[in-house]
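# Fold and geometry: a report
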Amino acid sequence: MTAPAQFPAPAPFGGGPQQPQYTSQFAPSFSSQLPVEPTTLGQAVRSEWTKIRTVRSTVWTLSVMLVLVIGINLLVIVPINDDNDPTVPVLAPGLFGLLLGQLAVITLGVLVITSEYGTGMIRTTLTACPKRSRVLTAKAIVFFLLSFVTTTVACTMTALISWSVLSGKTPGGYDLHGDHPGVVIKDGVTSASGTEWLGATVGVGLYVALLGLLALAVGTLLRHSAGAVSAMLGVVLLPLLVAIFLPSGLDTAREKLVKYSAPNSLASLYHFPMIGDGDQNGVPQLIALAVVTAVLLGAAYAALTTRDV
């Protein structure tokens, strides 16, 4: 028979030293029977992939993006084909749907993080994975790959549709040398170069995915869906609007604002810029967006790891 636990005598009434805690020398130590392994980035990525593919916001936003990109492309192609107009670059009709479709990707980028703040799920996420930088890295990887693949597939479809309908037109009475950026004449008919195909598919997919990643960083900093979406709308639309109303003495500033605005950046990737000639390929704008996104992501990492939830 084991001896009972020994308890110390209580302190005298009215004073004396602080009463010690009751302990037992026979209290067993607990050890889990299940194997305990440290969490990895791969596990965090799988968790984020499960979350992003099972929530309705992902299905709705990406479905809206696909409908806008492909549907508007079809609507634009019809009058161009009916007019037999060779002055429009063959792949350019895909741009018009993408100008609206990018907003759906931006919204999803914000919701990837702010929806968890809104529901309080972020506490569960950070409890399961205490290393906060790993959580944000997993979200960024999953969202970037999903948005890049979806946008590239959608734009490839619009490029193929535009090519099948608009290529092979003769210039007719139009002088297409230098007056119409992006128009390529090959063997006497309208065509599209390899760089145009690359820009209209992979290039715009990369640009829109980077915009969505920037939205994820802004959402991490603001932790509020409406505020982050509003801020991203300002990033997309404000430079072009400001450029329109600048006085004539600020022509250099106006050109820079227009050149690096999101609409003109996408148009340049289609070799169909709003200003300048068709030699623009959108690469400088793509690099500038990558730099801005990296800076904001760095700020998001710092904020997430140093502040309370």
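### Quick look at the overall build of the protein chain
- Across its full length, the protein chain carries ten helices and two strands.
- Helices (α) and strands (β) of the protein chain occur, in sequence order from the N terminus, as α-α-α-α-α-β-β-α-α-α-α-α.
- For the protein chain, buried positions account for 40% of its 309 residues.
- In the protein chain, of all internal contacts separated by at least 6 residues, the share reaching a separation of at least 24 is 76%.

### Thoughts on the packing of aromatic side chains
- The full count for this structure, using the stated rule, is two aromatic pairs.
- With a centroid separation of 6.3 Å and 5° between ring planes, the pair formed by Phe144 and Phe148 is classed as stacked. In this pair, Phe144 and Phe148 are both assigned in helix H5 (residues 132-166), four residues apart and thus about one turn of the helix distant.

### Let's talk about the packing of helix H2 (residues 56-83) against helix H3 (residues 94-119)
- The N-to-C vectors of H2 and H3 enclose an angle of 175°; their axes lie 7 Å apart at closest approach. On the basis of their axis angle, the class for H2 and H3 is roughly antiparallel. Mapping the contact onto sequence places Ser57, Thr58, Thr61, Leu62, Met65, Leu68, Val69, Ile72, Asn73 and Val76 in H2 and Gly94, Phe96, Gly97, Leu98, Leu100, Gly101, Ala104, Val105, Leu108 and Leu111 in H3.
- Its residues placed into classes, the contact of H2 with H3 shows 13 nonpolar, seven polar and no charged.

### A look at a nonpolar patch on the surface
- A cluster of nonpolar side chains, namely Leu233, Leu237, Leu238, Leu241, Val242, Ile244 and Phe245, defines an oily patch on the protein surface of about 680 Å² accessible area.
- Within the secondary structure, Leu238 sits in helix H7 (residues 225-245).
- According to the relative accessible area criterion, Leu238 is partly exposed, its value standing at 49%.

### Considering the layout of surface pockets
- Put simply, the largest pocket is a space of about 280 Å³.
- Lys51, Val55, Leu111, Val112 and Ser115 are the residues nearest the centre of the largest pocket, which is lined by 17 residues in total.
- Of all the secondary structure elements, the ones that give two or more residues to the lining of the largest pocket are helix H1 (41-54), H2, H3 and H5.
- Among the elements that take part in the lining of the largest pocket, H3 stands out by supplying six residues, more than any other.
- Split into classes, the residues belonging to the lining of the largest pocket amount to eight nonpolar, four polar and five charged.

### Considering the nonpolar core
- Of all hydrophobic cores here, the largest spans 61 residues; its most connected members are Leu98, Tyr207, Met232 and Leu266.
- Residue assignment for this core shows that the elements contributing at least two residues are H2, H3, helix H4 (121-128), H5, helix H6 (194-222), H7, helix H9 (262-269) and helix H10 (283-306).
- Examining the composition of this core, we find that twelve residues originate from one element, H6, more than from any other.
- Aside from chain neighbours lying at most four places away, what touches Leu266 is Leu95, Leu98, Leu99, Gln102, Val204, Tyr207 and Val208.

### So, unusual backbone geometry
- Here the phi dihedral of Arg223 falls at roughly 60°; this positive angle occurs in a residue that is not glycine.
- Its location among the elements puts Arg223 in the loop between H6 and H7.
- A residue is classified by how much of its surface remains accessible, and Arg223, at 33% relative accessible area, is partly exposed.
- Positive phi is not limited to glycine here, since His271 has a value of about 60°.

So, how was this worked out
- Residues numbered from 1 in each chain as written.
- Predicted model: local features only at pLDDT ≥ 70, side-chain atom pairs only at ≥ 80, totals over all residues.
- Heavy atoms only, no water.
- Helix = DSSP H or I, 4+ residues; strand = E, 2+ residues; numbered from the N terminus.
- Buried < 20%, exposed > 50% of the residue type's maximum accessible area, 1.4 Å probe, protein only.
- Contact = heavy atoms within 4.5 Å.
- Phe/Tyr/Trp six-rings, centres within 6.5 Å; stacked < 30°, edge-to-face > 60°.
- Axes fitted to C-alpha atoms, helices over the stretch in contact; angles between N-to-C directions.
- Parallel < 35°, antiparallel > 145°, perpendicular 65-115°, else oblique.
- Nonpolar A, V, L, I, M, F, W, Y, C, P; charged D, E, K, R; others polar.
- Patch = residues over 30% accessible without salt bridge, like charges linked within 9 Å, V, L, I, M, F, W, Y side chains within 5 Å.
- Areas by Shrake-Rupley, 256 points an atom, 1.4 Å probe, with all protein chains shown as cover.
- Salt bridge = Lys/Arg side-chain N within 4 Å of Asp/Glu carboxyl O.
- 1 Å grid on protein atoms, 1.4 Å probe; cavity = no way out; pocket = protein on both sides within 12 Å on 5 of 7 lines; lining within 4 Å.
- Points joined across faces, edges and corners; volume = space filled by probe spheres on them.
- Core = buried A, V, L, I, M, F, W, Y, C linked by side-chain atoms within 4.5 Å.

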